[in-house]
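As a plain string of letters, each chain reads:
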Amino acid sequence: MKRKVLASLLCVAMGVTMIGSTAVFAEDAAEETTDEAATEENAEAEDADAEEAADDTAEAEDADAEEAADDTAEAASDLLAKPDMEGVDVDNAKIGISIYQFTDNFMTLYRTELVRYLTEDLGFNPDNVIVQDGKNDQAEQTNQINNFITDQVDVMILNLVQSSSAPQVTDMCNEAGIPVVYINRQPDETESDRWASDGLKATYIGADARQSGTFQGEEILETENKGDINGDGKVSYIMVQGDPENIDAQYRTEYSIKALTDAGVEVDELLLQRGDWDQAKGQQIVQDALTQYGDDVEVVFCNNDAMALGALQAIQAAGRTVGKDIYLVGVDALTDAVQNIVDGNFTGTVFNDYFSQAQGAANLAVKFLKGEEVDPVNMVDYVKVTADNAQEILDKIK
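Reading guide: rules and limits
Residues numbered from 1 in each chain as written. Predicted model: local features only at pLDDT ≥ 70, side-chain atom pairs only at ≥ 80, totals over all residues. Heavy atoms only, no water. Helix = DSSP H or I, 4+ residues; strand = E, 2+ residues; numbered from the N terminus. Buried < 20%, exposed > 50% of the residue type's maximum accessible area, 1.4 Å probe, protein only. Contact = heavy atoms within 4.5 Å. Areas by Shrake-Rupley, 256 points an atom, 1.4 Å probe, with all protein chains shown as cover. Pairing = 2+ DSSP bridges. Axes fitted to C-alpha atoms, helices over the stretch in contact; angles between N-to-C directions. Polar contact = N/O pair within 3.5 Å; in protein donor to acceptor, adjacent residues only side chain to side chain. Salt bridge = Lys/Arg side-chain N within 4 Å of Asp/Glu carboxyl O.

Student: Hey, could you go over the overall build of the protein for me, with residue numbers and the actual values?
Tutor: On a plain count of helices and strands, the protein comes out with twelve helices and twelve strands. Each of the 398 residues in the protein was classed as buried or not, and the buried ones make up 44%. Considering only contacts within the protein whose residues lie at least 6 apart along the sequence, 76% involve residues at least 24 apart. With an accessible surface of roughly 19,900 Å², the protein has 47% of that area assigned to carbon and sulfur atoms.

Student: Can you break down the sheet that holds strand S7 (residues 267–274) residue by residue, with the values?
Tutor: With parallel pairing, the four strands of this open sheet are ordered in space as S7-S6-S8-S9. Sheet topology places S7 and strand S9 (327–329) at the edges, where each strand pairs with a single neighbour. Mean inter-strand twist for the sheet, computed between neighbouring axes without regard to direction, equals 15°. Sheet topology places strand S6 (residues 235–241) next to S7; seven bridges connect them, and they run parallel. Within S7, the residue paired with Ser-236 across the bridge is Asp-268. Sitting on the sheet, helix H7 (residues 247–262) touches S6, S7 and strand S8 (299–302), and the angle it makes with S6 is about 170°. Along the sheet, helix H8 (residues 279–293) contacts S6, S7 and S8; its crossing angle with S7, the most-contacted strand, is approximately 140°.

Student: Please provide a residue-by-residue account of the side chain of Asn-303, values included.
Tutor: Residue placement: Asn-303 occurs in the loop between S8 and helix H9 (305–317). Of note is the side chain of Asn-303, whose polar atom sits 3.4 Å from the side chain of Thr-253. When near neighbours in sequence (up to four residues on either side) are disregarded, Asn-303 contacts Met-239, Val-240, Gln-241, Gly-242, Ala-249, Arg-252, Thr-253, Trp-277 and Val-331.

Student: Residue-level account of the pattern of salt bridges, with values.
Tutor: Summed over all chains, the structure comprises 17 salt bridges. A salt bridge links Glu-113 to Arg-116, with the nearest nitrogen and oxygen atoms 2.9 Å apart. Separated by three residues within a single helix, Glu-113 and Arg-116 lie in helix H2 (residues 105–121), roughly one turn from each other. For Glu-113, a relative accessible area of 8% corresponds to the buried category. For Arg-116, a relative accessible area of 26% corresponds to the partly exposed category. Salt-bridge contacts for Asp-276 lead to Arg-274; the nearest nitrogen and oxygen are separated by 2.5 Å. Look at Asp-276 and you get partly exposed, because its relative accessible area is 27%. Among the charged side chains, a network of salt bridges with common partners joins Glu-113, Arg-116, Glu-120 and Asp-121.

Encoded structure:
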């Protein structure tokens, strides 16, 4: 009997213990579930905060970019507006201009518009607008600059043979008290920063060559096969470069291809060769490349239209057809190049707006003559030229 009672008590005790343990386990499980729920809620809240912060950052960056674009557009508009000539002695003011090489097609258009605008629109005496040919020789051009200093010109507009000579030229002009407007070939950022920090009367006007290279790449991306004519999954190209030491040539070479790779396009460089901006050299380079690589060449990039026109001669002589079995792009929007786009013989080019640049250079010279503040760097946008707008551009430049 005692044994039965003990056994019963033991069972009751075990049952109570099990109930207690179950209660503890249930409590622990409930706490764990609560903790997990809290953690999940915190994670969701953190994700929401992060997403909101990212949205705020993106909106702020977009607003900053939009504001910067508006500021740039406003500055460009002010720069290209015809200046008030009051206080400028247009009859006697002397302007010394040196162009790196008169035989350059683009710079011929540029200097023609520059002289026209200075004399016809702004009223400067043509006899006092002195234009020299640098003959692609920096020593020759430096001698011309020294002569301008001796002649006591009031302002210089210089298209340097070598942009790396800007520090020396700037110092020469500064010592003589003559402000200088650099055009087309941009001195490096260190030099333009020096103008601002040291209060030197020097400035540059041109177009951002990175933009022109990007536009070339985009023109290839806009073709029906994104440049991959043979369908092998990559774009095989040759690059005809201007002067490798020239920043415009460097940027156009780099950014034309970067536009493709940024879009996820695989590329294969078959050839990169210096053409010195010259049509005959462009023709020879492309002729040799087509002989060596044959149908593997899908795209020909040229740093300017002169070389691209030479490339076109080689392409046609090889029996290839632009737009069918090869693509061809240049930069500058020379009349012959744009006409070839209209005729279907060029894939595209990029309009290096010499009208705006030449007029802007003249306006900056006037600002210097009036003693006004001038920004160290002034940029004018390029314009993409394809079959869609080639006729419009052609009508403008003819």
